[in-house]
Each structure stands twice: as structure tokens, then as C-alpha cells.
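Reading the structure
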Amino acid sequence: MEVFVIANNKNGGSLINEEINVPELMVIGPNGEQMGVKKLQDALTISNFAGLDLVLMSDSGNVPVGKIMDYNKYRYEKQKKMKEQQKKQRESNKEVKEYRLSVNMDIGDFNTRKKNALDYLNKGHKIKATLRFKGRQMAYIDQGKEVLTKFANELSDVAEIEEKPNMNGRVMSMLLAPKNK
């Protein structure tokens, strides 16, 4: 596998054909064979004869390096690799989605949050359920713990408790992780 540092033009792509401005360069053929140091016009003639493009791969070093290839195919494959890498990176960076619950929450709101959390858990994300106590609600910490355990029990078929409910100031939180399949 060949690794090149590619010289870029003002459009963000590589310098190709007439955009190249060097007197002579090391030419690599379409099959990867070295053709030696050639003048720019000779290299352009060879690439035109082959029906391919001359792409400046590296202009650093003693002698610039140019490769004869189908530039559109090369650019397409490069973009395909970038998209694949980004996809793998997104899969490895699973998110933690936070859901805020309340001590005096209505059953409809609770079911909506449960349904949304179920979707996230099925995608492989973690869920952080938080419950914020305001004013006199601090007297009902037990009820808050019941709400969080009820939330965990409703999702117990797809999730397991990674971090049990714990108090941090006026906020009680719990972390749920998807079960391994």
C-alpha cells in the first residue's frame, strides 16, 4: 500500500494535469511502477495517451511525485473511505441521553419519556434519568427514588441499572445501560 502526501489546489482537491507547476517530477505509472524522473510535458503526454490524469501526489522533498491515475475514481474511493471512518467513529461514540423526571409527574409524561428512552436504549445509547427537587419537594426524596426505580423497572427488559439512584445536592440521578444481546 502506497502512502502519499497530496498537494492541494485552491478548491481543496489535488493538483491535476495543467494545474501542476513543476519543471520535472518522478512519475509513477497506473499500475504502481516507477517510470523515473520526467519533464512535466512528457508526463502529461504519457497520461493523456493512457486516457488518465496526472495527479501531483507530493511536492515536498527533492523531486515532486506525480501518479498517473483516474482522478475521479480516486476521489470517489477517498470520499467513501472517509464516510466509512466517520460511520465507525459515530458507532463507537455512543451518547448518554438525559431524561428529566419529576416527583409529581403525570402518567402521560412518564410514558412518553419511557417510550423515547426505549428507542435510545435499542440504538445502544445509555440513559441518565434525573429528578430535580424544588423547594419543599426535598421532603419527598423517597417518592423521587420510587419514580426512578419505577422508570428502571419499566425499562428492565432492555436496560440494566449501571448506577443506582444517588443524591447530588438537589438532584437525584440514575444511569441505565442497554443489556448485552
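Here's what I pulled together on the structure shown here. All values derive from a computational prediction rather than experimental measurement. (Residues numbered from 1 in each chain as written. Predicted model: local features only at pLDDT ≥ 70, side-chain atom pairs only at ≥ 80, totals over all residues. Heavy atoms only, no water.)

On to the overall build of the protein, then. A tally of regular secondary structure across the protein gives four helices and eight strands. Along the protein, from the amino end to the carboxyl end, the secondary structure elements read β-β-α-β-β-α-β-α-β-α-β-β. The C-alpha atoms of the protein give 30 Å as radius of gyration, which overshoots the globular expectation for 181 residues (16 Å, by more than 25%). Looking at the 181 residues of the protein, the share that counts as buried comes to 33%. Taking contacts inside the protein between residues at least 6 apart in sequence as the whole, the part at least 24 apart equals 56%. Within the structure as shown, the protein displays about 12300 Å² of accessible surface, and the carbon and sulfur contribution to it stands at 47%. A distance of 7 Å separates the average location of the 31 positive side-chain charges in the protein from that of its 24 negative side-chain charges. (Helix = DSSP H or I, 4+ residues; strand = E, 2+ residues; numbered from the N terminus. Rg over C-alpha atoms; globule rule 2.2 N^0.38 Å. Buried < 20%, exposed > 50% of the residue type's maximum accessible area, 1.4 Å probe, protein only. Contact = heavy atoms within 4.5 Å. Areas by Shrake-Rupley, 256 points an atom, 1.4 Å probe, with all protein chains shown as cover. Lys, Arg positive; Asp, Glu negative; His and termini not counted. Charge placed at Lys NZ, Arg CZ, Asp CG, Glu CD.)

The next point concerns the pairing of strand β1 (residues 24–28). Each regular strand carries side chains that alternate between the two faces of the sheet. Judged from the five bridges that link them, β1 and strand β2 (residues 34–39) form a sheet pairing that is antiparallel. Note that in β2 the partner of Met 26 across the bridge is Val 37. What sits between β1 and β2 in their antiparallel hairpin is a turn of five residues, with Gly 32 showing a positive phi close to 90 degrees. Pairing of β1 with strand β4 (residues 65–69) involves three bridges; the strand directions are parallel. Residue pairing for β4: Ile 28 is matched across the bridge by Lys 67. (Pairing = 2+ DSSP bridges.)

Right, let's get into the sheet that holds strand β7 (residues 159–168). Ordered in space as β5-β6-β8-β7, the four strands form an open sheet in which the pairing is mixed. At either end of the open sheet lies a strand with only one pairing partner, and these are β5 (96–101) and β7. The sheet shows a mean angle of 20 degrees between the axes of neighbouring strands, direction not considered. Of the pairings in the sheet, the one linking β5 to strand β6 (residues 126–132) comprises six bridges and is parallel in character. If you follow Tyr 99 over to β6, its bridge partner there is Ala 129. Packed on one face of the sheet, helix α3 (residues 107–123) meets β5, β6, β7 and β8 (171–178) and runs near 170 degrees to β5. Contacts from helix α4 (residues 141–154) reach β5, β6, β7 and β8, with the element oriented near 10 degrees to β8. (Axes fitted to C-alpha atoms, helices over the stretch in contact; angles between N-to-C directions.)

The backbone of Asn 17 shows a phi angle near 45 degrees, a positive value even though the residue is not glycine. Tracing the sequence through the fold places Asn 17 in the segment before β1. Under the relative-accessibility criterion, Asn 17 is labelled buried at 14%.

Oppositely charged side chains may form a pair once their charged atoms are brought near each other. Per the counting criterion, the structure on display carries three salt bridges. Across the pair Glu 154 and Lys 114 runs a salt bridge whose closest N-O atoms are separated by 3.1 Å. Here the residue Glu 154 occupies a position in helix α4, and Lys 114 occupies one in helix α3, the gap between them amounting to 40 residues. On the basis of relative accessible area, Glu 154 is assigned to the partly exposed category, the value being 37%. In this structure Lys 114 comes out as partly exposed when scored by relative accessible area, which is 22%. (Salt bridge = Lys/Arg side-chain N within 4 Å of Asp/Glu carboxyl O.)

Just geometry here; none of it tells us what the structure is for.
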